[in-house]
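# Coordinates in review
The residues making up each chain are set out below.
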Amino acid sequence: MTKIAWVTDSSVFPSERVKNHPDVHIVPLAIHFDNETYLDEVTITKSEVYSRLASDKEKAKTSQPPAGEFAKLYEALNEKYDAIISVHLANELSGTIASSRSGAEIAEVDIHLVDSHSLSAGITELLEHGLDLQEQGHSAEEIADALRTRVKDFENYILIGSLDQLYRGGRLSSAQFYLGSLLKIKPIIHIAPNGKLNEGEKVRSMKKAKQSLLDKVGAAYAKQPIKRIYLMHGNSEAEAREFEASLKEVAPTSEIIVGDISTVLAVHAGQGTLATLWYNN
């Protein structure tokens with residue numbers, strides 16, 4: 001069997017299989033608080049990020065890993081593995097793929113690069129599917145091609161937890177923030193099949209917003225039962241567990257995996273975010 005190294009970035013939801021697999025390597029993105037820079041889950045933890053978001057009024061930002069970090073990793077992996085497959089955060093949302101590609105060019109190492117057109121659990125599912133294909137004896141090229149096809153089946157809806165964080169991150173104008181807060185708007189955004197972030201519904205209560213998520217999952221499930229649904233939350237597990245029960249009613253045969261959103265997404269969406277992510281077919 002071909003010995004394959006798997007490379008991803010810290011926007012991934014680290015399932016137990018991904019986190020503990022010896023051939024999976026996670027490169028951290030950077031998180032910036034004013035003049036301070038941290039490496040995601042290396043020099044700052046997720047809980048520390050949430051604490052800073054709640055108490056600090058400065059703008060928090062994220063940035064992709066530098067090409068040099070990827071280059072060093074690829075040089076090291078090239079000596080130990082037959083092939084490298086890199087699966088990253090959507091190119092439309094981050095420069096991580098470009099940095100990964102540049103790193104491979106600097107190291108003069110061939111890699112199979114896959115744009116997940118997603119983030120968080122969307123990347124997780126691709127990695128686990130790829131590992132399954134590897135165990136079945138498929139080549140690295142076949143696996144990468146299969147993953148690029150698989151991304152077309154990704155579906156997701158993200159209920160933003162904090163307008164304040166969107167505003168501080170520069171994604172809302174002052175007028176939008178004021179009006180949204182006044183009307184208690186709960187925006188639901190969606191990552192399109194091409195990886196672009198689309199502004200979806202603007203619902204005027206948390207109850208209605210959650211019902212909208214349930215309606216979308218239910219509609220997809222009615223077309224074809226969904227094998228696995230990821231329910232991601234922003235530091236609000238109790239609320240997610242309560243919502244899980246409602247999800248089971250609309251998708252009774254689906255496996256539901258509850259987890260915290262990536263720190264990178266938390267910086268932009270904020271505490272209280274709730275997201276449903278799954279692959280059709």
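If you're wondering where the values come from, they're calculated on a predicted model, not measured in any experiment.

Now for the packing of helix α5 (residues 121–135) against helix α6 (residues 140–150). Put simply, α5 and α6 touch, their axes get as near as 10 Å, and they point 145° apart. In this structure, α5 crosses over α6, and the sense of that crossing is right-handed. Contact residues: L126, H129, G130, L133 and Q134 in α5; I143, A146, L147 and R150 in α6. A breakdown of the residues in the contact of α5 with α6 according to their chemical character gives five nonpolar, three polar and one charged.

Another aspect to go through is the sheet that holds strand β1 (residues 4–9). The four strands lie next to each other as β2-β1-β6-β7, forming an open sheet whose pairing is parallel. Either end of the sheet is taken by a strand with one partner, and the two such strands are β2 (24–27) and β7 (112–115). Ignoring which end each strand starts from, the neighbouring axes of this sheet average 20° apart. Bridge analysis of β1 against β2 gives four bridges, and the strand direction is parallel. Residue T8 lies in a different strand from β2, and its bridge partner there is I26. Along the sheet face, helix α4 (residues 96–107) touches β1, β6 (83–88) and β7 and points at about 175° away from the line of β7. Against the sheet, α5 makes contact with β1, β2 and β6, and its axis sits at roughly 175° relative to β1, the strand it touches most.

Each packed pair of helices is defined by two parameters, the angle between the axes and the distance between the axes. Relative to each other, helix α9 (residues 206–223) and helix α10 (residues 237–250) sit at 40°, their axes nearing to 10 Å. In this structure, α9 crosses over α10, and the sense of that crossing is right-handed. Of α10, the residues touching α9 (which contributes M206, K210, L213, L214, V217, G218 and Y221) are E239, F243, S246, L247 and V250. Broken down by class, the residue content of the contact of α9 with α10 amounts to eight nonpolar, two polar and two charged.

Take the pairing of strand β4 (residues 36–39) next. Where strand β3 (residues 30–33) meets β4, four bridges bridge the pair, whose relative direction is antiparallel. Within the sheet, the bridge partner assigned to I31 lies in β4 and is Y38. Between β3 and β4, which pair antiparallel one after the other, the connecting turn spans two residues, and D34 there sits at a positive phi close to 50°.

The next point concerns the pattern of salt bridges. The final tally for this structure, using the stated rule, is 13 salt bridges. Across the pair K72 and E69 runs a salt bridge, and its minimum N-O distance is 3.3 Å. In this pair, K72 and E69 both sit in helix α3 (residues 67–78), three residues apart, roughly one turn of the helix. Between E125 and R228 there is a salt bridge, with its nearest N and O atoms 2.8 Å apart. One end of the pair, E125, is in helix α5; the other, R228, is in strand β11 (residues 228–233), and 103 residues separate them in sequence. Like R228, E125 is buried. Several salt bridges share partner residues, and in doing so they unite E237, R241, E244 and K248 into one network.

Reading guide: rules and limits
- Residues numbered from 1 in each chain as written.
- Predicted model: local features only at pLDDT ≥ 70, side-chain atom pairs only at ≥ 80, totals over all residues.
- Heavy atoms only, no water.
- Axes fitted to C-alpha atoms, helices over the stretch in contact; angles between N-to-C directions.
- Helix = DSSP H or I, 4+ residues; strand = E, 2+ residues; numbered from the N terminus.
- Left-handed = near helix turned anticlockwise from the far one by under 90°.
- Contact = heavy atoms within 4.5 Å.
- Nonpolar A, V, L, I, M, F, W, Y, C, P; charged D, E, K, R; others polar.
- Pairing = 2+ DSSP bridges.
- Salt bridge = Lys/Arg side-chain N within 4 Å of Asp/Glu carboxyl O.
- Buried < 20%, exposed > 50% of the residue type's maximum accessible area, 1.4 Å probe, protein only.

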